[in-house]
Amino acid sequence: MLYGIDISHHNYDMLTKTMLGQAIRQKTDFYIAKATEGRTYKDECLELWANLMPGRLKGWYHYARPENNKPEDEAEHFITTLGSRIGTGIMALDWEGEALHYDAEWAAEWSEYVYLQTGIKPLIYVQESEVKNMGALLDLDLGLWVAKWSDGTETPSTGKWPYYALWQYRSTPLDMDVFNGNEGQWVKYSQG
């Protein structure tokens with residue numbers, strides 16, 4: 001098991017200006033940073049995170065906006081923004097918020113596009129209560145990143161997935177995650 005955090009520009013002050021942020025950075029095995037959202041947004045801190053936490057395993061996620069865009073357009077934006085980072089960290093689709101009002105087929109099409117363009121299968125991030133609605137992704141053999149906030153002892157339900165790849169188990173002071181594997185397995189998810 002590896003322990004880490006998922007972050008975006010919302011975490012800038014906490015991670016850069018506090019002693020707690022410094023302690024968290026020193027104790028993390030990995031971080032997964034928000035890269036993009038929708039068809040045009042790039043997280044303003046994307047470049048910062050690599051310099052702030054060198055030597056850590058990495059990941060990149062895209063926040064889905066199916067209410068506004070086609071999955072292929074958002075996937076292309078994610079891929080283009082990552083550029084040379086593709087293959088250096090886990091990739092994931094964040095399926096929450098407004099996206100939960102849309103069919104999971106959108107997420108499947110986004111994931112298939114990313115895989116066809118990069119040769120790497122992204123993970124799908126979803127709350128434990130929504131895992132049951134993600135059947136369209138099961139045949140794609142994607143890794144599951146499931147959110148269930150607890151004290152870390154009560155593991156999440158994975159529905160029809162055989163296991164979770166990542167578990168987001170806490171939301172304070174940051175989103176805290178555990179990877180269900182070792183460094184070699186992280187690299188396999190990262191490189192396809």
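Fair warning: this is a prediction, and the values are worked out from it, not measured in the lab.

A.B. asks: What am I meant to see in the pairing of strand β6 (residues 123-127) here?
C.D. replies: Every regular strand shows the same layout, with side chains that alternate between the two sheet faces. Within β6, four of the five residues are buried, leaving the element largely enclosed by the surrounding structure. Pairing geometry for strand β5 (residues 89-94) and β6, over three bridges, is parallel. Each residue of the ladder has a partner; that of A92, found in β6, is L123. At this point the chain moves from β5, through helix α5 (residues 105-118), to the parallel β6, and the crossover so formed is right-handed.

A.B. asks: In this structure, what is going on with the nonpolar core? I would like to understand it.
C.D. replies: Generally speaking, nonpolar side chains in soluble globular proteins are found buried as a group. Of all hydrophobic cores here, the largest spans 45 residues; its most connected members are I5, W60, W95, I124, M134 and L137. It is α5 that provides the largest number of residues to this core, a total of five residues. Core analysis: the second largest hydrophobic core is formed by 15 residues, I90, A147, L166 and W186 among them.

A.B. asks: Is there a simple way to explain the pattern of salt bridges in this structure?
C.D. replies: Pairs can form between side chains of opposite charge whenever their charged atoms are close. In this structure the tally under the stated criterion is nine salt bridges. Its salt-bridge partner being R85, residue E47 comes within 2.5 Å of it at the nearest N-O pair. A residue pair is termed long-range when its members are at least 10 positions apart, and E47 in helix α3 (residues 46-52) and R85 in the loop between α4 (71-82) and β5 qualify at 38 residues. A salt bridge links E67 to R65; the shortest N-O distance between them is 3.0 Å. The class for E67 is partly exposed, based on a relative accessible area of 26%. Several salt bridges converge on common partners, so that one network encompasses K34, E37, R65 and E67.

A.B. asks: Is there a simple way to explain the packing of α4 against α5 in this structure?
C.D. replies: For any two helices packed against each other, one specifies the inter-axial angle together with the distance between the axes. Put simply, α4 and α5 touch, their axes get as near as 8 Å, and they point 45 degrees apart. In terms of their interaxial angle, α4 and α5 are classed as oblique. For the crossing formed where α4 meets α5, the hand is right-handed. Contact with α4, carried on its side by P71, E72, E74, A75, E76, F78 and I79, involves W106, E109, W110, Y113, V114, Q117 and T118 of α5 and no other residues of that element.

A.B. asks: Sorry, what's going on with the side chain of D6 here?
C.D. replies: With respect to the helices, strands and loops of the structure, D6 is situated in strand β1 (residues 2-7). The side chain of D6 is buried and forms no salt bridge, while K34, the nearest opposite charge, is found at 10 Å. Separated by 3.0 Å, the side chains of D6 and Q168 make a polar contact. Every residue in contact with D6, bar those within four places of it in the chain, is listed here: N11, I32, W145, Q168, D175 and D177.

A.B. asks: Would you take a moment to explain α5 for this structure?
C.D. replies: Two residues of an α-helix separated by three or four positions point the same way, owing to the 3.6 residues in each turn. Compared with the 20 Å implied by 1.5 Å per residue over 14 residues, the 20 Å span of α5 between its first and last C-alpha is a close match. For α5, the complete set of buried residues consists of W106, A107, A108, W110, S111 and V114. Where α5 is buried, its residues touch β4 (57-63), α4, β5 and β6. Backbone geometry just downstream of α5 places G119 in the positive-phi region, at approximately 80 degrees.

A.B. asks: Explanation requested: the packing of aromatic side chains in the structure shown.
C.D. replies: For any two aromatic rings, the description comes down to two numbers: the centre-to-centre distance and the angle of the planes. This structure, assessed with the given rule, holds ten aromatic pairs. Arranged with centres 5.3 Å apart and planes meeting at 45 degrees, the rings of F78 and W110 form a pair that is tilted. On the criterion of sequence distance, the pair formed by F78 in helix α4 and W110 in helix α5 is long-range, its members being 32 residues apart. Judged on exposure class, the residue F78 and its partner W110 are both buried. Grouped by ring-pair contacts, the aromatic residues F30, F179, W186 and Y189 constitute a single cluster. Over the ring of Y115 we find K121, and its NZ or CZ is 5.4 Å from the ring centre.

About the criteria used
- Every chain begins its residue count from 1, and numbering advances along the sequence as written.
- A pLDDT threshold of at least 70 governs which residues receive local features in this predicted model, and a stricter bar of 80 or more applies before side-chain atom pairs are shown or counted, although totals over entire chains, interfaces and linings include all residues.
- Water and hydrogen atoms were dropped before computing side-chain values, which therefore reflect all heavy atoms in the structure.
- Throughout this description, buried means an accessible area under 20% of the type-specific maximum (1.4 Å probe, protein chains only), exposed means over 50%, and partly exposed covers the range between.
- Each helix is a run of DSSP H or I of at least 4 residues and each strand a run of E of at least 2, with the numbering of both proceeding from the N terminus.
- Two strands are said to pair when DSSP picks up at least two bridges between them.
- Think of it like this: strands point away, you trace from the first strand over the helix to the second, and a clockwise trace means the crossover is right-handed.
- We define the nonpolar core as a collection of buried residues of types Ala, Val, Leu, Ile, Met, Phe, Trp, Tyr and Cys that are connected through side-chain atoms lying within 4.5 Å of one another.
- Think of a salt bridge as a Lys or Arg side-chain nitrogen and an Asp or Glu carboxyl oxygen that are within 4 Å of each other.
- Each axis is a line fitted through C-alpha atoms, taken for helices only over the stretch in contact, and angles between the N-to-C directions span 0 to 180 degrees.
- Any angle between 65 and 115 degrees counts as roughly perpendicular, while under 35 counts as roughly parallel, over 145 as roughly antiparallel, and the rest as oblique.
- By the definition used in this description, the sense in which the near helix is turned from the far one sets the handedness, with an anticlockwise turn below a right angle giving left-handed and a clockwise turn giving right-handed.
- Here, residues are in contact when the closest pair of their heavy atoms is within 4.5 Å.
- Positive: Lys, Arg. Negative: Asp, Glu. His and the chain ends are not part of the count.
- Here a polar contact is recorded for every N or O atom pair within 3.5 Å, except that within protein the pair must consist of a potential hydrogen donor and a potential acceptor, and residues adjacent in sequence are included only if both atoms are side-chain atoms.
- Take the number of residues in a helix, subtract one, and multiply by 1.5 Å to get its expected span.
- Under the pairing criterion, centres of Phe, Tyr and Trp rings, with the six-membered ring standing for Trp, must be within 6.5 Å; the plane angle then separates stacked pairs below 30 degrees from edge-to-face pairs above 60, leaving the rest tilted.
- Lysine and arginine charges are scored as sitting over a ring when NZ or CZ, respectively, is within 6 Å of the ring centre and within 35 degrees of the ring normal.

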